[in-house]
Amino acid sequence: MSLRLPGEIVVDHVLPTLRVELATELADYGLTQREIADELGVTQAAVSTYLSGDASTTESIAAHPRTRSTVERVAEGLATGEMNGYDALAAVLDLVQTLEDRGPVCEIHETEMPALQGLSCDLCIRGRDEAVSTEQAALASVRKAARVLSTTVGVARFVPNVGSNVGTALPDAAEPTDVAAIPGRIYTVDDRVEVPANPEFGASNHVATIVLAAADVDPGVRGAVNLTTDDALLTAVRDRGVDPLAFDAEYDDRGRRLRDRFADRGAVPRVVFHRGAFGIEPITYVLGTDAADAARFAADLVTDVVGE
């Protein structure tokens with residue numbers, strides 16, 4: 001991850017643009033380069049560069065309506081003496097806050113720090129958002145799970161023809177869009193496990209159905225990974241003291257049926273599986289506190305089988 005602070009965006013993009021815009025506006029009021037330099041706190045040589053058109057600016061900052069109105073107001077205030085340095089600073093700080101609040105500063109920040117993309121980040125204005133932190137933790141657990149599966153010897157043997165997936169539900173998740181998973185599923189190429197994309201919310205209905213049913217009965221179970229149903233794998237499950245739960249493969253009302261089975265058992269089992277049906281491949285789901293926990297247990301099971 002490339003760590004980029006919001007203040008760096010302001011220093012690199014906002015301030016240079018404001019200085020050029022203010023210098024140009026102040027020059028239109030008849031101020032000399034020396035006077036403009038004194039007002040902006042820069043050298044006369046810098047002002048010369050601003051006015052020559054050689055200084056670089058950021059178009060999205062310069063074109064923002066609040067930038068234009070602030071520049072005009074501050075320049076007029078400084079040129080006429082109606083605004084002192086304190087007033088000018090207050091106006092500029094107010095502008096910066098506006099540009100940071102889902103404005104062009106955010107757009108630039110997301111471009112220069114891709115990890116922020118899609119998070120509706122507003123750290124600059126409202127501080128740390130616990131909801132965003134929770135979403136980040138869910139996405140991180142899916143990334144860890146995918147890494148576990150892709151680096152464990154033998155996992156490719158147990159990836160179904162339809163592909164595997166891993167998912168983590170948010171606390172109090174209610175819909176598949178509350179479950180993070182891998183878009184396009186995890187597949188195999190030449191006995192290698194391939195992860196096609198970074199996790200997203202709402203990327204897997206099948207895994208989400210299992211996770212939501214489990215979390216509804218036991219909120220501590222919010223992760224799952226699916227593998228192919230294999231007798232050797234189920235034997236490894238039982239050898240580890242886990243009693244896997246068989247369920248009907250049909251998709252119709254699967255979530256409700258699983259909730260009922262979990263409730264009847266009085267607990268959510270570590271492993272559930274079905275033997276398939278017409279057009280439905282046999283699938284085993286390993287459950288855990290999150291995707292990473294489920295993937296680690298799945299990897300242990302695979303290692304038990306492959307090591308035999």
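Computed from a prediction, not measured in an experiment: that's the story for all the values here. (Residues numbered from 1 in each chain as written. Predicted model: local features only at pLDDT ≥ 70, side-chain atom pairs only at ≥ 80, totals over all residues. Heavy atoms only, no water.)

**Some remarks on the pattern of salt bridges**
- Scanning the model with the defined rule gives 13 salt bridges in all.
- The partner of Arg34 in a salt bridge is Asp38, with the nearest N and O atoms 3.3 Å apart. Note that Arg34 and Asp38 are positioned in helix H2 (residues 33–40) at a spacing of 4 residues, about one turn of the helix.
- Classification of Arg34 as partly exposed rests on a relative accessible area of 40%. (Salt bridge = Lys/Arg side-chain N within 4 Å of Asp/Glu carboxyl O. Helix = DSSP H or I, 4+ residues; strand = E, 2+ residues; numbered from the N terminus. Buried < 20%, exposed > 50% of the residue type's maximum accessible area, 1.4 Å probe, protein only.)

**A few points about the side chain of Ser164**
- Secondary-structure assignment places Ser164 in the loop between helix H9 (130–151) and strand E1 (166–169).
- A polar side-chain atom of Ser164 sits 2.8 Å from the main-chain carbonyl oxygen of Asn226.
- Look past the residues within four positions of Ser164 in its chain and what remains in contact with it is Phe158, Val159, Arg185, Ile186, Asn226 and Leu227. (Polar contact = N/O pair within 3.5 Å; in protein donor to acceptor, adjacent residues only side chain to side chain. Contact = heavy atoms within 4.5 Å.)

**Describing the packing of aromatic side chains**
- One pass over the structure, following the stated rule, counts 1 aromatic pair.
- On the basis of an interplanar angle of 40 degrees and a centroid distance of 6.4 Å, the ring pair of Phe247 and Tyr285 is categorised as tilted. With Phe247 in the loop between strand E7 (245–246) and helix H12 (254–265) and Tyr285 in strand E9 (residues 283–288), this residue pair connects regions lying 38 residues apart in the sequence. Neither Phe247 nor Tyr285 differs from the other in exposure class; each is buried.
- Taking NZ or CZ as reference, Arg270 lies 4.4 Å from the ring centre of Phe297, over its face. (Phe/Tyr/Trp six-rings, centres within 6.5 Å; stacked < 30°, edge-to-face > 60°. Lys NZ or Arg CZ within 6 Å of the ring centre and 35° of its normal.)

**Observations regarding the pairing of strand E6 (residues 223–228)**
- Where burial is concerned, most of E6 is hidden: 6 out of the 6 residues are buried.
- Note that E1 and E6 share 3 bridges and pair antiparallel. Bridge assignment links Thr168 to a residue of E6, and that residue is Gly223.
- Looking at chain direction, E6 and E9 are connected through 6 bridges and run antiparallel. What sits directly across from Gly223, in E9, is Gly288. (Pairing = 2+ DSSP bridges.)

**A short note on a positive patch on the surface**
- Positive charge collects at one region of the surface, where Arg143, Lys144, Arg147 and Arg296 lie side by side.
- In terms of residue count, the dominant contributor to the positive patch is H9 (3 residues).
- Here Arg296 shows up in helix H13 (residues 291–306).
- For Arg296, a relative accessible area of 42% gives the class partly exposed. (Patch = residues over 30% accessible without salt bridge, like charges linked within 9 Å, V, L, I, M, F, W, Y side chains within 5 Å. Areas by Shrake-Rupley, 256 points an atom, 1.4 Å probe, with all protein chains shown as cover. Lys, Arg positive; Asp, Glu negative; His and termini not counted. Charge placed at Lys NZ, Arg CZ, Asp CG, Glu CD.)

The values are spatial; any link to function lies outside them.
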